[in-house]
Amino acid sequence: MTSVPSHARAIVIGGGIIGCSTAYHLAKLGWKDVVLLERAKLTSGSTFHAAGLVGQLRNSANITQLLGHSVSLYAELEKETGLSTGWRRTGGLRLACSEARMIELKRQVTTARSFGLEMHVLSPKEAQDLWPVMALEGVVGAVFLPSDGQANPSDITQALARGARMHGAKIIEDCPVTSIERDANGVTGVTTPFGKIGCETIILCAGQWTREVAAQIGVNVPLVSVEHQYLITEPIAGVTRDLPTMRDPDNLIYFREEVGGLTMGGYEPNPKPWAVDGIPEGFHFTLLNNDVEHFEQIMERAIMRVPAFETVGIKDFINGPESFTPDGNFILGEAPECPRLYVGAGFNAFGIASAGGAGKALAEWAAAGEQPYDLWPVDIRRFGRPHRDVDWVRARTLELYGKHYSIGWPGEEHSSGRPLRRSPLYDRLKAAGSVFGEKLGWERPNWFERNGEERVERYSFARPNWFEAVGYEHKAARERAALFDQTSFAKFMLVGRDAAAALDWICSNHVTKAPGTLIYTQMLNAKGGIECDLTVARLAEERFYIVTGTGFATHDFDWISRNIPKGMDAQLVDVTSGYATLALMGPLARNILARVTRDDISNGAFPFAHVRGIVIAGAPVLALRVTYVGELGWELHIPTEFALSVYDALKGEGEEFGLVDAGYRAIESLRLEKGYRAWGAEIGPDHSPFEAGLGWAVKLKKGTPFMGREALVAEPDAPLKKLMACFTVADPDVSLWGRETILRDGERVGWLTSGGWGYTVGKNIGYGFVRRASGVDRDFILDGHYELEVATDRVPCDVHLEALYDPTSARVRA
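Residues numbered from 1 in each chain as written. Predicted model: local features only at pLDDT ≥ 70, side-chain atom pairs only at ≥ 80, totals over all residues. Heavy atoms only, no water.

1. Thoughts on the pattern of salt bridges
- Applying the stated criterion across every chain yields a total of 48 salt bridges.
- Two residues, D558 and R381, come together in a salt bridge whose shortest N-O distance is 3.3 Å. With D558 in helix 13 (residues 553–563) and R381 in the loop between helix 8 (351–368) and helix 9 (390–402), the pair connects residues that are 177 residues apart, well separated along the chain.
- The exposure class assigned to D558 is buried, which follows from its relative accessible area of 5%.
- With its nearest N and O atoms 3.0 Å apart, the salt bridge here joins E399 to K403.
- Classification of E399 by relative accessible area gives buried; the value is 14%. (Salt bridge = Lys/Arg side-chain N within 4 Å of Asp/Glu carboxyl O. Helix = DSSP H or I, 4+ residues; strand = E, 2+ residues; numbered from the N terminus. Buried < 20%, exposed > 50% of the residue type's maximum accessible area, 1.4 Å probe, protein only.)

Right under this line is the structure:
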């Protein structure tokens, strides 16, 4: 009879490599009372059939750091536990079979160098010298990352489990969790066939079962199961134990050495979903029937690349389902629906590469109650309303699976599950020529076709096909006026007797000024890092209107609601769907607005950073005097049923003034010129307002207490380790997209967080932190000579600490 304890400090659900890594790291943190529950045997879900490639490089520095911890851990784990992990540092080779792919790989090399990884560009012959069993058909170049490798997934899991036990954790196999218990304050325990276990914290690492387990208590984990096939060959002449892992993305295939033979698999463009109606009972240490016909498209490419595949024997052919997510990134963090329930799941077939670092990050997150560093690319709070529909999730996930080895184009959009969430202006804008993008399910204008351009986006690492159209919209916003549909903004109301006091604590700027004021503010964590970046309008003594970015709806709602001090009378309500939003921006914006309202909108009556209720074409409108493009303008928040009337009135009266519809790609170029920061790019939980150049928006002088204040007060006593700067490149043949390496006097000091073209200044613009361990200040930045490494080429650039474009005195505040 299995015996379970009555209580544990933390329960880890799931005995795959992620769960065992999390238990191991929790135990190493000193949490002795940790219990891991596995419904069958360790590794019996999907870990046992994983292919075992370990790569490190991702688009995010922090996720690359996380994967780097996996490599470091796997290299030392055998010494600690006495169990072999099968880890081998063979290096990782990646081929290019087109010029576009080679540009992408060179950009990856630059990204690797930005993040401190060694990576090399190789000729086809140099690649073949490293991997002699391949044919070079179609290969134009390659890159090599020496610190990548491969491992045995089951062996690593058992080593992690032993390490967890050595540090005091308890692992119980054949003990399924039949239910999770919770109350209004979060999780309280679990029920098993052998009794209940009370606990303070639960970490859910149940692989492809995670979604259905979490759903029992109202938590959404958007992942689905997809079949993934690979084979293992008999020995092949020329294959040695130190053969690097190899990916040939243009041919959708990957390889690694396996006992003198090769493991080969791939990512077909027409993937097969699995368990659409639920995972069968008793599915452990179980594989699916092979689908040879479906795998044939992969096999044909493998034979082309490795001619020995035409005759070599097949030792094993594996078809194992794995969990995948709708954006291709895994899922970590505390569930917004349930305090103290943490999730680690949806690893998109790179769970082995991620497990060491993901388990460490998850353990530290659970132990401290806050993420150890910025993990936004994998944060569970990046999801929203569309992700509650498993059919929508499956459609998008299958599209992303099919694009696994596609070129990662800047600004790429996806097509599945669209259109879903539509502004009331959608049909009007479509008729006006809008080319839509999508964020969190919302259809949003990217740009407008006006001169017979093809209404489709053609991606490029140089100038894409929308370049001229966006330039037209940019110029209109700078010289006349532009109208942006920003209905997708997340919008909240905070109401109650203590609403002002709650926001005064959560916000770093003075948001409790008189009703009618509008404040731009950050919300900080205890370390002084920026968790939210938004605007707060005080509508009345006990009512505040909060506006934040589309993609941050779940994250910001969760952050605000969790940090309202206990006992305060303050209720947060999501009112996003109740309001359409039109942003009227440009030097002639007041001329146009004055034509459609009788309200006084002069600067004296309606100054910058204020909010007023006005009437436009019979519609009650909440007008916010604010800008994200660097021009005079208003955000007009309109009850949804009035949106079309307001839009038609503005367009009708605006024609005389040259008003144009404009999209989000123009907003991006406009904000880059003005130096406005974007959360998730320039700013985030790892960056303080002072480092980001936003110290002016912090209320330190009056001594008012607020979250993160103590960290900021201490910050001026030591030199800043990094400081945000702007970089420009005049050469129009260069394109900046982000992650280019910043070099000061020939030394690497950071990377660009974002980049684009400034149509008014006529230059490439990029932003990034200049970093130095001993400290950075204005003089250090301005005294240096700078270059940017762009796709391995160094190009000269200029550095700036002030906005490139600033019409403030003439327009924005007048």
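2. A closer look at the nonpolar core
- Among the nonpolar cores identified, the biggest contains 50 residues, and L66, I203, F330 and L332 are the most heavily contacted of them.
- Listing elements by their share of this core, those giving two or more residues are strand 1 (7–13), helix 1 (17–28), strand 2 (34–37), helix 2 (61–81), helix 5 (153–166) and helix 8.
- Here this core takes nine residues from helix 8, the largest share from any one element.
- If sequence neighbours within four positions are ignored, L66 has contacts with F330, L332, S354, G357, A358, A361, Y373 and L375.
- In terms of nonpolar packing, the next biggest core, distinct from the first, is built from 40 residues, V139, A142, A302 and I318 among them. (Core = buried A, V, L, I, M, F, W, Y, C linked by side-chain atoms within 4.5 Å. Contact = heavy atoms within 4.5 Å.)

3. A short note on the sheet that holds strand 35 (residues 747–758)
- Taken in spatial order, the seven strands line up as 38-37-34-35-36-33-39 in an open sheet, and their pairing is antiparallel. Among the strands making up the open sheet, the edge pair consists of strand 38 (793–796) and strand 39 (798–800). The mean inter-strand angle of the sheet, taken between neighbouring strand axes irrespective of direction, is 35°.
- In this sheet, strand 35 lies alongside strand 34 (residues 741–744) in antiparallel orientation, the contact comprising four bridges. By the bridge assignment, T741 is partnered in strand 35 with W751.
- Each of strand 34, strand 35 and strand 37 (786–790) touches helix 3 (residues 99–114); the most contacted strand, strand 35, lies at about 130° to it. (Pairing = 2+ DSSP bridges. Axes fitted to C-alpha atoms, helices over the stretch in contact; angles between N-to-C directions.)

4. Examining the packing of aromatic side chains
- Taken as a whole and assessed by the stated rule, the structure comprises 27 aromatic pairs.
- With a centroid separation of 5.3 Å and 80° between ring planes, the pair formed by F492 and F557 is classed as edge-to-face. Separated by 65 residues along the polypeptide, F492 in strand 23 (residues 490–495) and F557 in helix 13 bring together distant segments of the chain.
- For F492, a relative accessible area of 0% corresponds to the buried category.
- These aromatic residues form a ring-pair network of at least three members: Y254, Y267, F324, Y401 and Y405. (Phe/Tyr/Trp six-rings, centres within 6.5 Å; stacked < 30°, edge-to-face > 60°.)

5. With respect to the packing of helix 11 (residues 467–479) against helix 16 (residues 664–674)
- The geometry of helix 11 relative to helix 16 is characterised by a closest axis approach of 9 Å and an angle of 55° between their N-to-C directions. It follows from the interaxial angle that helix 11 and helix 16 lie oblique. Regarding helix 11 and helix 16, the two cross each other, and that crossing is right-handed. For the pair helix 11 and helix 16, contact is made by V470, E473, H474, A477 and R478 and by R665, A666, S669, L670 and E673, respectively.
- Each residue belonging to the contact of helix 11 with helix 16 can be placed in one class, and the counts come to four nonpolar, two polar and four charged. (Parallel < 35°, antiparallel > 145°, perpendicular 65-115°, else oblique. Left-handed = near helix turned anticlockwise from the far one by under 90°. Nonpolar A, V, L, I, M, F, W, Y, C, P; charged D, E, K, R; others polar.)

6. Some remarks on helix 2
- Between its first and last C-alpha, helix 2 extends 30 Å over 21 residues, near the 30 Å set by a 1.5 Å rise per residue.
- Positive backbone phi, at 80°, marks G82, one or two positions downstream of helix 2. (Expected span 1.5 Å × (residues − 1).)

7. Points about the side chain of Q229
- Along the chain, Q229 falls in strand 12 (residues 224–233).
- A distance of 2.9 Å separates the side chain of Q229 from the backbone nitrogen of D291, its partner in a polar contact.
- Those residues in contact with Q229 that sit more than four places away from it in its chain are G265, G266, N290, D291, H294, F295, F317, I318 and N319. (Polar contact = N/O pair within 3.5 Å; in protein donor to acceptor, adjacent residues only side chain to side chain.)

8. Points about the packing of helix 1 against helix 5
- Where helix 1 contacts helix 5, the two axes come as close as 8 Å, and the packing angle between them is 25°. Relative to helix 5, the element helix 1 is oriented roughly parallel. Helix 1 and helix 5 meet at a crossing whose hand is left-handed. Where helix 1 approaches helix 5, its residues I17, C20, S21, A23, Y24 and A27 are matched on the opposing element by P153, I156, T157, L160, A161, G163 and A164.
- Looking at the contact of helix 1 with helix 5, its residues break down into ten nonpolar, three polar and no charged.

9. Examining the pairing of strand 30 (residues 619–624)
- Extensive coverage of strand 30 is indicated by the burial of five of its six residues.
- The sheet contact formed by strand 29 (residues 611–616) and strand 30 spans six bridges and is antiparallel. Considered in strand 30, the bridge of R612 is made with A623.
- Linking strand 29 to strand 30, which pair antiparallel, is a turn of two residues; within it A617 sits at a positive phi near 50°.
- Note that strand 30 and strand 31 (residues 633–639) share three bridges and pair antiparallel. Following the sheet pairing, A623 is matched in strand 31 by L636.

10. Considerations on unusual backbone geometry
- Residues R418 and P419 are joined by a peptide bond in cis, for which omega reads -10°.
- Looking at the element boundaries, P419 is found in the loop between helix 9 and helix 10 (426–431).
- The phi angle at A609 is positive, at roughly 65°, despite the residue not being glycine.
- Residue placement: A609 occurs in the loop between helix 14 (589–596) and strand 29.
- With a relative accessible area of 24%, A609 lands in the partly exposed category.

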